[in-house]
Amino acid sequence: MLWWLGLFVALIVVVSIIMYFDDDAREQRKKRKLAQIAEREQEIEFKNKYKCKKSYTLEHLYGLNIPQGAECGVWICSKRLVMYYGAPITLFYSKIIKAEILDQTQFKKHYLDNATGAITGGMLFGAAGALLGGGTKTITESDKKYILAITYKSDDEIKYILFDVTANKVTAKNVIADINYRRTKIVENKKPKEKNL
């Protein structure tokens with residue numbers, strides 16, 4: 001009869017431990033969900049502040065102070081391009097020189113010294129540049145990497161923001177079209193208005 005009492009106490013202890021960890025896990029999930037909701041609300045607030053019309057998600061390679069490979073929100077706003085990774089990073093369309101999609105061969109030709117591609121690529125663009133600039137093997141169509149390169153001017157210096165768009169070239173084309181449309185609108189608004197005689 002005493003062993004039933006021991007089994008009953010052990011069962012109560014096991015159930016209590018399970019409930020404790022289940023409550024702890026539930027509380028952790030609740031905190032994560034609240035943090036996601038807060039971040040989403042902050043993102044919506046920034047989108048409204050900057051009058052953003054469209055948003056995309058791209059994989060960052062180089063040029064922003066965020067980790068390489070991080071999924072970054074790219075927002076098309078009225079006067080600026082906003083990249084979002086926890087906080088907004090803005091770039092006025094008037095500073096953008098060009099935005100284009102390049103495969104690794106074009107990237108090497110335009111941005112890297114062909115003779116020392118991996119070294120120059122590594123110095124200019126870190127691991128992403130070494131990856132794209134190095135190697136002498138023949139690249140097949142399935143091996144090709146595609147990059148969205150945004151070239152802009154900051155403090156009289158040419159700078160670059162690179163995104164890996166290998167898996168989403170259509171999205172990259174949409175981003176480029178949106179950037180070019182906004183840049184054109186800004187240029188048209190800067191032209192002096194003709195007076196009627």
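Below you will find a few notes about this structure. (Residues numbered from 1 in each chain as written. Predicted model: local features only at pLDDT ≥ 70, side-chain atom pairs only at ≥ 80, totals over all residues. Heavy atoms only, no water.)

## Considering the pattern of salt bridges
Here is the rule we go by: When a carboxyl oxygen of Asp or Glu is within 4 Å of a side-chain nitrogen of Lys or Arg, the pair counts as a salt bridge. Only DSSP runs of H or I with at least four residues qualify as helices, and only runs of E with at least two residues qualify as strands; both kinds are numbered from the N terminus onward. Throughout this description, buried means an accessible area under 20% of the type-specific maximum (1.4 Å probe, protein chains only), exposed means over 50%, and partly exposed covers the range between.
For the structure on display, the rule yields 3 salt bridges. Here Lys54 ties to Asp178 by a salt bridge, and the two come within 3.1 Å at their closest N and O atoms. Residue Lys54 is located in strand E1 (residues 52-62), and its partner Asp178 is located in helix H4 (residues 169-190); the two are separated by 124 residues in the primary sequence. Look at Lys54 and you get partly exposed, because its relative accessible area is 42%.

## A closer look at the environment of Ala99
For clarity, the threshold we go by: Residue contacts are counted whenever heavy atoms from the two residues lie within 4.5 Å of one another.
Structurally, Ala99 is set in strand E5 (residues 96-103). Each C-alpha atom of the pair Ala99 and Tyr152 lies 8.7 Å from the other, and the pair is 53 residues apart in sequence. Once residues lying within four places of it in the same chain are set aside, the contact partners of Ala99 are Ala149, Ile150, Ile176 and Ile179.

## Describing the environment of Pro88
Summarising the element assignment, Pro88 is placed in strand E4 (residues 88-92). Since its relative accessible area comes to 22%, Pro88 is described here as partly exposed. Counting along the chain gives 42 residues from Pro88 to Phe46, while the straight-line C-alpha distance between them is 7.5 Å. Those residues within four positions of Pro88 in sequence are excluded, and the remaining contacts are Phe46, Tyr50, Val82 and Met83.

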